[in-house]
Amino acid sequence: MTPPDTAKTDLRFYLQSARDALLWKLEGLSEYDVRRPLTPTGTNLLGLVKHAAGVELGYLGDTFGRPSGEPLPWLADGAEPNGDMWATAEESREDVIGLYRRAWAHADATIGALPLDTAGRVPWWPDGRDGVTLHHAVVRVIADTHRHAGHADILRELMDGATGMNETNTGLPSDDPAWWEAYRDRLERVAREA
């Protein structure tokens, strides 16, 4: 069995790696590029960061009776649907990133302060099915953040070809554009032949 302090270290490592990857996708891009919708459902880089901030504050704050005090108007009654998935013109990139970093600090403080078997209640889940442990909530946030970092990876690749977890870890077999063109052409041929 993994000791709780080791388990927390592992959980924090994977959570932080997802956080860092998500923010790296914004680096070097214009205001337009971090905000522009690149899918039919409007998925955009800055919106993914804003959403991830709210997820951390909810699951690793409010769920355990540790509200952050951060105003999240997109979650208020009567707020515009999907308001956490894009930044308004009044919300600067710095505002959204700052909120996300404050969410990290708040979430990390919750993880540090409570045992992993601490019971919490997710306020937006149905009564009777709203109970979670801190361990479950952290794993859920890790999964959600990595999922959105993957979305961000695809969006960024579509914009300028940048891929990977960070600048030095692309996880790709080649950085040669000719190799990728030949590889993609091969996959296209296979898909047509199937």
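Report on the accompanying structure. (Residues numbered from 1 in each chain as written. Predicted model: local features only at pLDDT ≥ 70, side-chain atom pairs only at ≥ 80, totals over all residues. Heavy atoms only, no water.)

A few words on helix α4 (residues 93–113). For α4, spanning 21 residues, the distance from its first C-alpha to its last is 30 Å, which sits close to the expected 30 Å at 1.5 Å a residue. Among all positions in α4, only R93, V96, I97, G98, L99, Y100, A103, W104, H106, A107, T110 and I111 are buried. (Helix = DSSP H or I, 4+ residues; strand = E, 2+ residues; numbered from the N terminus. Expected span 1.5 Å × (residues − 1). Buried < 20%, exposed > 50% of the residue type's maximum accessible area, 1.4 Å probe, protein only.)

A cluster of nonpolar side chains, namely W179, Y183 and L187, defines an oily patch on the protein surface of about 270 Å² accessible area. Note on placement: L187 falls in helix α6 (residues 177–193). (Patch = residues over 30% accessible without salt bridge, like charges linked within 9 Å, V, L, I, M, F, W, Y side chains within 5 Å. Areas by Shrake-Rupley, 256 points an atom, 1.4 Å probe, with all protein chains shown as cover. Salt bridge = Lys/Arg side-chain N within 4 Å of Asp/Glu carboxyl O.)

Turning to the pattern of salt bridges, a few remarks are in order. Oppositely charged side chains may form a pair once their charged atoms are brought near each other. Applying the stated criterion across every chain, the model contains 11 salt bridges. With its nearest N and O atoms 3.2 Å apart, the salt bridge here joins D130 to R121. Exposure remark for D130: the relative accessible area of 9% places this residue in the buried category. Residue E188 is joined to R192 by a salt bridge in which the shortest nitrogen-to-oxygen separation is 2.8 Å.

So, about helix α3 (residues 45–59). Since the α-helix turns once every 3.6 residues, residues separated by three or four places project in the same direction. An ideal rise of 1.5 Å per residue puts 21 Å on 15 residues; α3 measures up with 21 Å between its terminal C-alpha atoms. Among the 15 residues in α3, 15 count as buried, and that is most of the element. A side-chain oxygen of the first residue of α3 lies 2.7 Å from the backbone nitrogen of G47; this N-cap is N44. (Polar contact = N/O pair within 3.5 Å; in protein donor to acceptor, adjacent residues only side chain to side chain.)

Now for the packing of aromatic side chains. Applying the stated criterion across every chain yields a total of seven aromatic pairs. Look at Y59 and W124: their rings are 4.9 Å apart centre to centre, the planes differ by 80°, and that puts the pair in the edge-to-face class. One end of the pair, Y59, is in helix α3; the other, W124, is in the loop between β1 (119–121) and β2 (131–133), with 65 residues separating them in the sequence. Residue classification places Y59 among the buried positions, given a relative accessible area of 10%. Pairing Y59 with W125 gives two aromatic rings, centres 6.0 Å apart and planes at 65°, and the pair type is edge-to-face. Residue Y59 is located in helix α3, and its partner W125 is located in the loop between β1 and β2; the two are separated by 66 residues in the primary sequence. Take W125: its relative accessible area is 19%, and that puts it in the buried class. (Phe/Tyr/Trp six-rings, centres within 6.5 Å; stacked < 30°, edge-to-face > 60°.)

Read these as layout, nothing more, since geometry by itself doesn't imply function.
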